[in-house]
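Listed here are the chains, written in short residue letters.
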Amino acid sequence: MGVTRQRIKFKLPTSRSVERLRRQLLPWYADHGREFPWRRRSASKYSQIVAELLLQRTRAETVASFFPQFIKDYPSWDALASASLSRLQTYLRPIGLWRRRALSMQALAAEMSRRRGRFPRNRDEIEKLPGVGQYIASSILLFCYGEPEPLIDVNMARVLERVYGPRRLADIRYDPYLQALARAVVNCEQPKEVNWATLDLAALICDIRTPRCELCPLSRLCSYCSKYK
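Each chain has its residues counted from 1, running along the sequence as written. Whole-chain, interface and lining totals are the exception, using all residues; otherwise, since this is a predicted model, local features are given only for residues with pLDDT of at least 70 and side-chain atom pairs are given and counted only at 80 or more. Neither water nor hydrogens contribute to the side-chain values; these are computed over all heavy atoms in the structure.

### Some points on the pattern of salt bridges
Move 1: Salt bridge, as used here: a side-chain nitrogen of Lys or Arg that lies within 4 Å of a carboxyl oxygen of Asp or Glu. Per the stated rule, a full pass over the model turns up 15 salt bridges.
Move 2: As a salt-bridge pair, Glu-149 and Arg-123 come within 2.8 Å of each other at their nearest N and O atoms. Separated by 26 residues along the polypeptide, Glu-149 in the loop between helix 8 (134-145) and helix 9 (154-164) and Arg-123 in helix 7 (residues 123-126) bring together distant segments of the chain. For the pair Glu-149 and Arg-123, one class covers both residues: buried.
Move 3: The partner of Arg-167 in a salt bridge is Glu-161, and the shortest N-O contact between them spans 2.5 Å.
Move 4: Buried residues are those whose accessible area, probed at 1.4 Å on protein chains only, stays under 20% of the maximum for their type, while exposed residues exceed 50% and partly exposed ones sit between those limits. Residue classification places Arg-167 among the partly exposed residues on the basis of a relative accessible area of 24%.
Move 5: When its relative accessible area of 16% is taken as the criterion, Glu-161 is described as buried.
Move 6: One network of salt bridges, with partners in common, ties together Arg-34, Arg-39, Arg-59, Glu-61 and Asp-200. In DSSP terms, a helix is any run of H or I states spanning at least four residues, a strand is any run of E spanning at least two, and both are numbered starting from the N terminus.

### Comments concerning the packing of helix 5 (residues 85-92) against helix 6 (residues 98-114)
In helix packing, the relevant descriptors are the interaxial angle and the interaxial distance, both defined with respect to the helix axes.
Move 1: Geometry is summarised by axes, namely lines fitted to C-alpha atoms with helices restricted to the contacting stretch, and by angles between N-to-C directions that run from 0 to 180 degrees. Where helix 5 meets helix 6, the axes come as close as 9 Å, and the angle between the chain directions of the two elements is 120°. Between helix 5 and helix 6, the interaxial angle falls into the category oblique. As for the relative orientation of helix 5 and helix 6, their crossing is right-handed in sense. Within the contact between the two elements, helix 5 uses Leu-85, Leu-88, Gln-89 and Leu-92 and helix 6 uses Trp-98, Arg-99, Arg-101, Ala-102, Leu-103, Met-105 and Gln-106.
Move 2: Residue polarity follows a fixed list, in which Ala, Val, Leu, Ile, Met, Phe, Trp, Tyr, Cys and Pro are nonpolar, Asp, Glu, Lys and Arg are charged, and the others, Gly among them, are polar. The residue inventory of the contact of helix 5 with helix 6, partitioned by class, reads 7 nonpolar, 2 polar and 2 charged. Just so you know how the angles are binned, under 35 degrees is roughly parallel, over 145 roughly antiparallel, 65 to 115 roughly perpendicular, and the rest oblique. Take the far helix as your reference; a near helix turned counterclockwise from it by less than a right angle gives a left-handed crossing, and one turned clockwise gives a right-handed crossing. Between two residues, a contact is recorded if the distance between any of their heavy atoms is within 4.5 Å.

### Quick look at empty space enclosed by the protein
Move 1: As defined here, a cavity is a set of points on a 1 Å grid over the protein atoms alone where a 1.4 Å probe fits but cannot get out. A pocket is an open set with protein on both sides within 12 Å along at least five of seven lines, and residues line them when an atom is within 4 Å of a point. Grid points are joined across faces, edges and corners, and a volume is the space filled by probe spheres set on the points. Using the criterion set out here, one finds 1 cavity of 30 Å³ or more in the structure.
Move 2: If you add up the space inside the largest cavity, you get close to 80 Å³.
Move 3: In this structure, the largest cavity is lined by Val-159, Arg-162, Val-163, Leu-201, Ile-205, Cys-206, Pro-211, Cys-213, Cys-216, Cys-222 and Cys-225.
Move 4: Residue contributions to the lining of the largest cavity peak at 3 residues, all from helix 9.
Move 5: Taken together, the residues of the lining of the largest cavity break down into 10 nonpolar, no polar and 1 charged.

### Details of the nonpolar core
Side chains of nonpolar character tend, in soluble globular proteins, to be buried together.
Move 1: Of all hydrophobic cores here, the largest spans 75 residues; its most connected members are Val-50, Leu-54, Phe-70, Trp-77, Leu-80, Leu-92 and Leu-218.
Move 2: Setting aside its immediate chain neighbours within four residues, Trp-77 contacts Tyr-46, Ile-49, Val-50, Leu-53, Leu-108, Ala-109, Met-112, Ser-113, Gly-117 and Phe-119. Among buried residues, those of type Ala, Val, Leu, Ile, Met, Phe, Trp, Tyr and Cys that are joined through side-chain atoms within 4.5 Å constitute a nonpolar core.

### Some thoughts on the side chain of Gln-89
Move 1: Mapped onto the elements, Gln-89 comes out in helix 5.
Move 2: The class for Gln-89 is buried, based on a relative accessible area of 18%.
Move 3: Ignoring anything within four residues of it in the chain, the contact list for Gln-89 reads Trp-98, Arg-99 and Ala-102.

### Looking at the packing of helix 9 against helix 10 (residues 176-186)
Move 1: Contact geometry of helix 9 with helix 10 gives a least axis separation of 11 Å together with a crossing angle of 95°. Classified by the angle between their axes, helix 9 and helix 10 sit roughly perpendicular to one another. Judged by residue contacts, Met-156, Ala-157, Leu-160, Glu-161 and Tyr-164 of helix 9 engage Tyr-177, Leu-178, Leu-181, Ala-182 and Val-185 from helix 10.
Move 2: Split into classes, the residues belonging to the contact of helix 9 with helix 10 amount to 9 nonpolar, no polar and 1 charged.

### Quick notes on the environment of Pro-150
Move 1: Along the chain, Pro-150 turns up in the loop between helix 8 and helix 9.
Move 2: Setting aside residues no more than four positions away along its own chain, Pro-150 makes contact with Ser-138, Met-156, Ala-182, Arg-183, Val-186 and Asn-195.

Read these as layout, nothing more, since geometry by itself doesn't imply function.
Printed below as a string of structure tokens:
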């Protein structure tokens with residue numbers, strides 16, 4: 001991808017520290033976490049992956065505003081693959097880059113229809129699917145196979161870096177410290193909930209410009225909060 005892979009020495013937090021973070025984070029999420037259609041127990045694996053495709057670089061609330069009707073109109077990979085491209089683009093217009101997103105989603109839908117809805121189990125094979133990169137591959141492994149994979153984007157990165165210290169590389173995908181840290185944090189019996197809790201904390205509390213540290217369940221653990229008290 002044009003990014004130089006570097007050997008970077010780093011030290012991860014102890015397992016006790018990571019466990020302490022989860023113990024603070026999950027009760028907060030139970031009380032304050034956001035509710036979205038794709039997070040419901042009844043949500044299908046298909047709808048969860050489609051949601052992640054739509055959520056890339058897009059506010060969750062924006063996707064939630066049309067998601068139920070979108071899934072009603074396109075309830076399967078087969079339906080999405082055979083959708084009218086112009087109608088699909090109209091659906092995606094609120095989230096930007098609708099032409100490219102529509103083409104990418106239909107290409108993946110066509111491949112998944114050919115595969116009868118079954119994703120590969122291997123990350124390398126998953127990332128060979130149309131329109132699938134590191135983030136969506138992690139989503140597939142998490143939601144379809146229950147593997148403790150992080151949904152690491154700039155929001156999750158912000159929370160983890162503020163608590164434990166910054167990454168070295170600009171590109172999240174290639175920073176070994178951040179990747180290893182995120183995997184350590186979600187490596188537990190509730191990886192989905194830890195992912196969602198971290199993303200919700202970023203959206204509701206750990207804002208990029210004006211974090212509300214006084215309300216944060218991680219304030220006692222957070223290097224950023226300690227620095228600016």
